[in-house]
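Below are the chains, spelled out letter by letter.
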Amino acid sequence: SDKKKSWKLILMEIIQIVAYSNNRAIGKDNRLLWHLADDMAFFKENTTEQTVLMGKNTYLSLPKKFRPLPNRLNIVISSQAPVEEYPNMIWFQNIETALANIENKTEKLYVIGGASIYKQTIDKTDTIYATEVDVNIEGDAFFPKLNPKDWRVETIKIVEKNENNEYDFRIKKFNYFIPLILKE
């Protein structure tokens, strides 16, 4: 496995929360690709009163009335100067600096996008909540492919298309798995 967990003890659990299509698209033109009210409720239920980490483009893609996300500590990664300042948000120039600064201050860190941030944190991630949306759709941002040997997967919710959800979807929980190598 190419996954490199550092031996430095990080007590903070890193959780990615993402929604992607059958072709792993997560967005296009810095916008979500669907409206899934039940998935939004799942996101809110998991991340409220927690710390969320995102890239600047993901932050700017949030509707202005939800910027920064309320009732959460918002960590935004950008190599440029902060574009907005609020009491419940902190800007960092890179992920390493952010993690070093927050690891003793929160038990859980929810990584909420975008594609580059998911890719940069996947090797440090313990759990992924993935909403798999049953559609092939055009996108310009994608969730990285996972090595199935590295993860244990369970389906935690199945939702059929209805007036609040424009596509069928299922929410899966991926837990990072370290096989034990037993020597005789």
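Note: the structure precedes this text.
This write-up is about the structure you can find in this document.

Cut-offs used in this document
- Residues numbered from 1 in each chain as written.
- Predicted model: local features only at pLDDT ≥ 70, side-chain atom pairs only at ≥ 80, totals over all residues.
- Heavy atoms only, no water.
- Buried < 20%, exposed > 50% of the residue type's maximum accessible area, 1.4 Å probe, protein only.
- Helix = DSSP H or I, 4+ residues; strand = E, 2+ residues; numbered from the N terminus.
- Pairing = 2+ DSSP bridges.
- Right-handed = clockwise from strand over helix to strand, strands pointing away.
- Salt bridge = Lys/Arg side-chain N within 4 Å of Asp/Glu carboxyl O.
- Contact = heavy atoms within 4.5 Å.
- Arc of directions from axis to C-beta.
- Axes fitted to C-alpha atoms, helices over the stretch in contact; angles between N-to-C directions.
- Phe/Tyr/Trp six-rings, centres within 6.5 Å; stacked < 30°, edge-to-face > 60°.
- Lys NZ or Arg CZ within 6 Å of the ring centre and 35° of its normal.

## Focus on the pairing of strand S3 (residues 51-55)
Most of S3 is tucked away, with five of its five residues classed as buried. Side chains Thr-51, Leu-53 and Gly-55 of S3 all project onto a buried face; the interleaved residues Val-52 and Met-54 project onto the opposite face, where all are buried too. In terms of strand pairing, S3 meets strand S4 (residues 73-77) through five bridges, oriented parallel. From the neighbouring strand, Thr-51 faces S4, where its bridge partner is Leu-73. Regarding topology, helix H2 (residues 56-61) serves as the crossover connection from S3 to the parallel S4, and that connection is right-handed. Looking at chain direction, S3 and strand S6 (residues 108-111) are connected through three bridges and run parallel. The residue bridging Val-52 from the neighbouring strand is Tyr-110, located in S6.

## Side note on the pattern of salt bridges
In total, this model carries four salt bridges according to the counting rule given. One salt bridge in this structure joins Glu-138 and Lys-28, with 3.4 Å as the shortest N-O distance. Taken together, the residues Glu-138 in the loop between strand S7 (127-133) and strand S8 (141-142) and Lys-28 in the loop between strand S2 (25-27) and helix H1 (37-47) connect sequence positions 110 residues apart. Take Glu-138: its relative accessible area is 57%, and that puts it in the exposed class. Glu-132 is the partner of Lys-172 in a salt bridge, and the nearest nitrogen-oxygen pair spans 3.1 Å. Of the two residues, Lys-172 sits in strand S10 (residues 169-176) while Glu-132 sits in strand S7, which places them 40 residues apart along the sequence. Each member of the pair, Lys-172 together with Glu-132, is buried.

## Details of the side chain of Thr-58
When you line up the elements, Thr-58 lands in helix H2. Residue classification places Thr-58 among the buried residues on the basis of a relative accessible area of 15%. In this structure, Thr-58 is in contact with Asn-30, Ile-112, Gly-113 and Gly-114, ignoring residues within four places of it in sequence.

## With respect to H1
Those residues of H1 not exposed but buried are Asp-39, Phe-42, Phe-43, Asn-46 and Thr-47. Mapping the buried residues of H1 onto a view down its axis gives an arc of 110°, with all of them on the same face. Across H1 from its buried face, at more than 90 degrees, point the exposed residues Lys-44 and Glu-45. On its buried face, H1 is in contact with strand S1 (13-21), S3, S6, S7, strand S9 (151-159) and S10.

## What to know about the environment of Phe-92
Position of Phe-92 among the secondary structure elements: in strand S5 (residues 89-92). On the basis of relative accessibility, which here comes to 12%, the residue Phe-92 falls in the buried class. Considered as a pair, Phe-92 and Pro-82 are ten residues apart in the sequence and their alpha carbons are 8.7 Å apart. Ignoring anything within four residues of it in the chain, the contact list for Phe-92 reads Ile-75, Val-76, Ile-77, Ser-78, Thr-97, Ala-98, Asn-101 and Ile-102.

## A closer look at the sheet that holds S3
Neighbouring strands of a sheet are bound in pairs by backbone hydrogen bonds; such pairs are parallel or else antiparallel. The eight strands are arranged S5-S4-S3-S6-S1-S7-S10-S9 in an open sheet whose pairing can be described as mixed. The outermost strands of the open sheet, each flanked by one partner alone, are S5 and S9. Taken pair by pair, the neighbouring strands of this sheet meet at an average axis angle of 20°, ignoring direction.

## Points about the environment of Ile-181
Here Ile-181 shows up in the segment after S10. For the pair Ile-181 and Val-159, spaced 22 residues apart in the sequence, the C-alpha separation amounts to 38 Å.

## Considering the packing of aromatic side chains
The final tally for this structure, using the stated rule, is five aromatic pairs. The interplanar angle of 75° and the centroid separation of 5.8 Å between the aromatic rings of Tyr-59 and Trp-91 together place this pair among those described as edge-to-face. Of the two residues, Tyr-59 sits in helix H2 while Trp-91 sits in strand S5, which places them 32 residues apart along the sequence. A relative accessible area of 0% places Tyr-59 in the buried class. When its relative accessible area of 13% is taken as the criterion, Trp-91 is described as buried. With centroids separated by 5.6 Å and ring planes inclined at 75°, the aromatic side chains of Trp-151 and Tyr-176 adopt a geometry described as edge-to-face. Placement of the pair is Trp-151 in strand S9 and Tyr-176 in strand S10, with a sequence separation of 25 residues. On the basis of relative accessibility, which here comes to 5%, the residue Trp-151 falls in the buried class. Three or more aromatic residues joined by ring pairs form one cluster here, namely Tyr-20, Tyr-118 and Phe-143. Above the face of the Tyr-20 ring, Arg-24 is positioned so that its terminal group lies 4.6 Å from the ring centre. Taking the ring centre of Phe-177 as reference, the NZ or CZ of Arg-152 above it sits at 3.5 Å.

By themselves, these are just geometric observations and shouldn't be taken as functional.
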